[in-house]
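# Observations on chain architecture
Below are the chains, spelled out letter by letter.
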Amino acid sequence: MSKELIRLSNCTMSFDGEVVLDGINLYINDKEFLTLLGPSGCGKTTTLRIIGGFQTPTSGDVFFDGVRINAVPPHKRAVNTVFQKYALFPHLNVYENVAFGLRIPKADDKGKKVKLPEKEIHQRVMEMLEVVNLKGFEKRHISQLSGGQQQRVAIARALVNRPKVLLLDEPLGALDLKLRKQMQIELKRLQKKLGITFVYVTHDQEEALTMSDRIAVMNAGVIEQLGTPMEIYDHPLTRFVAGFIGESNIFDGTVTAVEGDLLRVDTPAGKLLTRGSGFAVGEEMHVSIRPEYLEAGERSADGFDLPARIKDFTYMGTVVKTALDMADGTELKLSRFEQDANAHEGDKVYLSWRPEKSVPIKKSHT
C-alpha cells in the first residue's frame, strides 16, 4: 500500500470575502501522479499554491509526511514548482539555468550556509539533462530551444534539487496539440522513472485521463470526486463530473419503477432504463450515457421510448459523431468508428442502450 505524503484537512481559502476553496479534504500518496482537474476558477491552482506554501489557507491544515506545515515557507518545503510560464533565465544557457538553484548556499545541520562543490553541481546537472533527454544542449541559449525543450529545462531545474514533490501548474498549456500529447507521455514516464510525487493542474480532461494515477475533479471550490481515471470516467458520482469528463449524454428524470437493480425512468425526452441501487419510485435523478454506448435504430418494446431525429454527422478521423435532436429539444451525441450507410440526416430513429452501460446519479449529488 502506498504511503500518504500530503494531506489537506478542511482547507478553506477566501479572497476579499469570496470563498475560493470550501473545506476541501485531500490526500496524496508518495510517488503518485495526482491531477487536480476542473474549469477555470474552480480552485485547483489555489490548492496547488497551498501545497507549495505560496498561500496559507484561511482555515484548515496542511500536513507533509504527518507534520503540519501551514507556517513553513516555500523554500523550506521538499517541493518545487513548474509553472505554465517556465520563468527560465534568457541570459543563461541550458546548463546554467538547471544549475541555478544548486549554486544558492544552503544551511547545513548546524545552520551554517554552505555551497555545493562545483564537481557535484556538474554531476547533478548532467544527470538531470540526461533524464530529460537534453544531453548535448548544455550550451544552448533558451531562445534557441523549442517550446517542448524549454519545458524540459524547467522540469530539470525543478528536479535537480531532488524534491519529494513536483507541482506542475498547466505546464503544457503553451504547446501545440501534437507536442502537448508527446509531452504528456514523456512526463508520465519521467515521473515513474524518478519515483517522485507529481501534483498536476489542468483543465484538459483527456490530459488528466492519460497521465494520472488518480484525479481530483474540482468545481466551485470543492472536490466533487476523487478516483482513478477509470473510476472517474465509468462511474461519475455527480452530474457535473459526468458532464465534464469526456463526452456524456445526460437525462434528468424520475424513477417510475424499481425491478431489482433495473430502474425505469421517465424523462422529458421519453422513457428509458438504467441499472443501479439505492433509488426509490418517485425519486428525481440523472442518467448518464456515453456516446459510444448509444444505439440508434427501430422502435422496440424493451422499455425505451426515446424518439430522435438525426441532425448531422461529423467525421473526426478515428470516429464519426452523430448529432441527434430529441423530442424535448436537447441534442445528444452518438459515436461510431464508421458512419452507418443506411442513416441519413433527417431520419427518425429510436435510441436505446444496454442498461448496465449507463450511470444513474442521485439528484442530491448534483
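Now for a description of the structure that goes with this document.

Definitions and cut-offs
Residues numbered from 1 in each chain as written. Predicted model: local features only at pLDDT ≥ 70, side-chain atom pairs only at ≥ 80, totals over all residues. Heavy atoms only, no water. Helix = DSSP H or I, 4+ residues; strand = E, 2+ residues; numbered from the N terminus. Buried < 20%, exposed > 50% of the residue type's maximum accessible area, 1.4 Å probe, protein only. Contact = heavy atoms within 4.5 Å. Areas by Shrake-Rupley, 256 points an atom, 1.4 Å probe, with all protein chains shown as cover. Phe/Tyr/Trp six-rings, centres within 6.5 Å; stacked < 30°, edge-to-face > 60°. Lys NZ or Arg CZ within 6 Å of the ring centre and 35° of its normal. Pairing = 2+ DSSP bridges. Axes fitted to C-alpha atoms, helices over the stretch in contact; angles between N-to-C directions. Core = buried A, V, L, I, M, F, W, Y, C linked by side-chain atoms within 4.5 Å. Salt bridge = Lys/Arg side-chain N within 4 Å of Asp/Glu carboxyl O. Expected span 1.5 Å × (residues − 1).

Turning next to the overall build of the protein. Within the protein, the secondary structure is distributed over 8 helices and 22 strands. The C-alpha extent of the protein, read off along each of the three principal axes, is 80 × 45 × 40 Å. The buried share of the protein, taken over its 366 residues, is 47%. When contacts within the protein are restricted to residue pairs at least 6 apart in sequence, those whose partners lie at least 24 apart make up 66%. Accessible area of the protein: about 18400 Å², with a carbon and sulfur share of 51%.

All right, on to the packing of aromatic side chains then. Following the criterion strictly, the structure yields 6 aromatic pairs and no others. Plain terms: the ring middles of Phe304 and Trp353 are 4.9 Å apart, the flat faces sit at 70° to each other, and that makes the pair edge-to-face. Note that Phe304 is positioned in the loop between β17 (295-297) and β18 (307-315) and Trp353 in the loop between β21 (348-352) and β22 (359-362), a separation of 49 residues in sequence. Classification of Trp353 by relative accessible area gives buried; the value is 4%. A network of ring pairs unites the aromatic residues Phe33, Phe198 and Tyr200 as a single cluster. Taking the ring centre of Tyr27 as reference, the NZ or CZ of Arg214 above it sits at 4.3 Å.

If you walk across this open sheet you meet the 6 strands as β6-β9-β10-β3-β11-β12, and the pairing is mixed. The outermost strands of the open sheet, each flanked by one partner alone, are β6 (79-82) and β12 (222-227). Across the sheet, the mean angle from the axis of one strand to that of its neighbour is 20°, orientation sign disregarded. Bridge count for strand β3 (residues 33-37) against strand β10 (residues 197-202) is 5 bridges, and the pairing is parallel. Paired with Phe33 across the bridge in β10 is Phe198. Helix α4 (residues 147-159) rests against β6 and β9 (165-169) of the sheet, and its axis sits at about 170° to β6. Those strands touched by helix α5 (residues 177-194) are β3, β9 and β10, and its axis lies near 155° from that of β10.

Below, the discussion takes up the environment of Val153. On the secondary structure map, Val153 appears in helix α4. Taking the relative accessible area as the measure of exposure, Val153 reaches 0% and is therefore buried. In this structure, Val153 is in contact with Leu88, Val94, Asn97, Val98, Leu134, Ile142 and Leu145, ignoring residues within four places of it in sequence.

Time to look at unusual backbone geometry. Positive phi, normally seen in glycine, also occurs at Asn133, with a value near 60°. Inspection of the secondary structure puts Asn133 in the loop between α3 (118-131) and α4. Residue Glu170 is not a glycine yet carries a positive backbone phi of 45°. Positionally, Glu170 belongs in the loop between β9 and α5.

A separate point is the sheet that holds strand β1 (residues 4-15). As summarised here, the arrangement of the 4 strands in space is β2-β1-β4-β5, forming an open sheet in which the pairing is antiparallel. Each edge of the sheet is formed by a strand with only one pairing partner; in this case those strands are β2 (18-29) and β5 (67-68). Pairing between β1 and β2: 8 bridges, direction antiparallel. The partner of Arg7 across the bridge, within β2, is Tyr27.

A word on the nonpolar core. Grouped together as the largest cluster of nonpolar side chains are 38 residues, with contacts concentrated most on Val125, Val153, Leu166 and Leu187. Contributions of two or more residues to this core are made by α2 (94-99), α3, α4, β9, α5 and β10. It is α4 that provides the largest number of residues to this core, a total of 6 residues.

Looking now at the pattern of salt bridges. Note that side chains of opposite charge can pair when their charged atoms are close. Tallying each qualifying case throughout the model produces 28 salt bridges. Between Asp65 and Lys3 there is a salt bridge whose closest N-O contact spans 3.0 Å. One end of the pair, Asp65, is in the loop between β4 (59-64) and β5; the other, Lys3, is in the segment before β1, with 62 residues separating them in the sequence. For Arg239, the salt bridge identified is with Asp252, shortest N-O distance 3.1 Å. Residue Arg239 is found in helix α8 (residues 239-244), and its partner Asp252 is found in strand β13 (residues 249-259); the two are separated by 13 residues along the sequence.

With that out of the way, let us pick up the pairing of strand β15 (residues 270-275). Here strand β14 (residues 262-267) pairs with β15 via 6 bridges, running antiparallel. Among the inter-strand pairings, Arg264 is bridged to a residue of β15, identified as Leu273. With antiparallel pairing between neighbouring strands as the criterion, β14 and β15 make up a hairpin whose turn holds 2 residues.

Relative to the assigned elements, Val62 resides in strand β4. The class for Val62 is buried, based on a relative accessible area of 1%. Spatially, the C-alpha atoms of Val62 and Gly276 are 37 Å apart, while their sequence positions differ by 214 residues. When sequence neighbours within four positions are dropped, the list of residues in contact with Val62 reads Arg7, Leu8, Cys11, Ile50, Pro57, Val67, Arg68, Ile69 and Asn70.

Glancing now at α4. For α4, with 13 residues, the first-to-last C-alpha span of 18 Å sits near the 18 Å given by 1.5 Å per residue. Judged by how many residues are buried, α4 sits mostly within the fold: 11 of 13 residues are covered. Residues of α4 that are buried: Gly148, Gln149, Gln151, Arg152, Val153, Ala154, Ile155, Ala156, Arg157, Ala158 and Leu159. Turning to α4, the residues buried within the fold contact β6, α2, α3, β9 and α5.

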